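Okay, here's what each chain looks like letter by letter:
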Amino acid sequence: MRLHDTVIHEGDAEKINAVLTTFLGESGATEALLIDRSGQLLAMTGANRALDTASISALAAGAFSSTGALAQLLGETEFTVLFHQGNKESIHVSTVDDQAILLAIFGERTTVGMVRLFAKEAATAVGQLLAEARSKPRNKGALSTPLTADESRTSFGEPTKS
């Protein structure tokens, strides 16, 4: 299955957000981002501050991927955790499954050990939810099929060819 073949329905999204919210409460992290390995943000919860989540997601996925290449050079299949410590804030990135990673942003009010402990639990739970979401059939209907050329012309106010 290709990465972008995953469809997360509203019910699945609510369950994922509940797991991420619980993770924040238990770990003391301030934000949690669920990211696919291509860098697309799948879900986010946490403090409501202005973060450039698109850039954070893309850069975290790239860093995690390059760390995977380092692991292979050392004979490992991958490193499952990536940690960056800053003066005031740090990030912890961990494997959810072969298609997604979990990024936690946290400050001085918690420790990397707490984040790591609860990230492992959250990643397992989210991984199970993603597996369930991927196994569901995709909705087939009028909105899921591409427009024909004539439908496109009509939709954008162009006259159809007779």
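Here, every reference points to the structure presented above.
All values derive from a computational prediction rather than experimental measurement. (Residues numbered from 1 in each chain as written. Predicted model: local features only at pLDDT ≥ 70, side-chain atom pairs only at ≥ 80, totals over all residues. Heavy atoms only, no water.)

Turning our attention to the packing of aromatic side chains. A complete count under the given rule lists 1 aromatic pair for this structure. Measuring from centroid to centroid gives 6.1 Å for Phe83 and Phe106, while their planes differ by 15°, and the two rings are stacked. Separated by 23 residues along the polypeptide, Phe83 in strand S3 (residues 81-85) and Phe106 in strand S5 (residues 100-106) bring together distant segments of the chain. Residue class for Phe83 comes out partly exposed when judged on its relative accessible area of 32%. By relative accessible area, which is 3% here, Phe106 ends up buried. (Phe/Tyr/Trp six-rings, centres within 6.5 Å; stacked < 30°, edge-to-face > 60°. Helix = DSSP H or I, 4+ residues; strand = E, 2+ residues; numbered from the N terminus. Buried < 20%, exposed > 50% of the residue type's maximum accessible area, 1.4 Å probe, protein only.)

Further remarks concern the sheet that holds strand S4 (residues 90-97). Pairing in this open sheet of 5 strands is antiparallel, and the strands run S2-S1-S5-S4-S3 from one edge to the other. Both outer strands of the open sheet, strand S2 (41-46) and S3, are each paired with one neighbouring strand and no more. Pairwise comparison of adjacent strand axes, ignoring direction, gives a mean angle of 15° for this sheet. In the sheet, S4 pairs with S5 via 7 bridges, with the strands oriented antiparallel. Bridge pairing in S5 places Ser94 opposite Leu102. Each of strand S1 (31-36), S3, S4 and S5 is contacted by helix H3 (residues 112-135), which is oriented at about 35° to S4, the strand it contacts most. (Pairing = 2+ DSSP bridges. Axes fitted to C-alpha atoms, helices over the stretch in contact; angles between N-to-C directions. Contact = heavy atoms within 4.5 Å.)

Take helix H2 (residues 53-73) next. Here H2 is 21 residues long and its end C-alpha atoms lie 30 Å apart, about the 30 Å a rise of 1.5 Å per residue gives. Downstream of H2 by one or two residues, Gly75 has phi in the positive range, about 85°. (Expected span 1.5 Å × (residues − 1).)

As a further point, take the environment of Ser27. Relative to the helices and strands, Ser27 resides in helix H1 (residues 10-27). Each C-alpha atom, one on Ser27 and one on Ala104, is 9.4 Å from the other, the two residues being 77 residues apart in sequence. The residues contacting Ser27, other than those within four sequence positions of it, are Thr110, Met114, Val115 and Phe118. At 3.1 Å, the side chain of Ser27 and the backbone nitrogen of Ala29 are in polar contact. (Polar contact = N/O pair within 3.5 Å; in protein donor to acceptor, adjacent residues only side chain to side chain.)

Attention shifts here to the pairing of S4. Most of S4 is tucked away: 7 of the 8 residues are buried. Two strands pair when backbone bridges link them, and S3 and S4 are joined in this way by 5 bridges, in the antiparallel orientation. Each residue of the ladder has a partner; that of Leu82, found in S4, is Val93. Following S3, the chain reverses through 4 residues before pairing antiparallel with S4. Where S4 hands over to S5, the hairpin turn is made up of 2 residues, counted between the paired strands.

What follows deals with the pattern of salt bridges. Going through the model one piece at a time under the given rule, you end up with 2 salt bridges. Two residues, Glu78 and Arg37, come together in a salt bridge whose shortest N-O distance is 3.1 Å. Of this pair, Glu78 sits in the loop between H2 and S3 while Arg37 sits in the loop between S1 and S2, and the two are 41 residues apart along the sequence. Residue class for Arg37 comes out partly exposed when judged on its relative accessible area of 27%. Put simply, Asp97 and Arg134 hold a salt bridge, and the shortest N to O gap is 2.7 Å. Within this pair, whereas Asp97 is found in strand S4, its partner Arg134 is found in helix H3, the two being separated by 37 residues in sequence. The exposure classification of Asp97 matches that of Arg134, with both residues buried. (Salt bridge = Lys/Arg side-chain N within 4 Å of Asp/Glu carboxyl O.)

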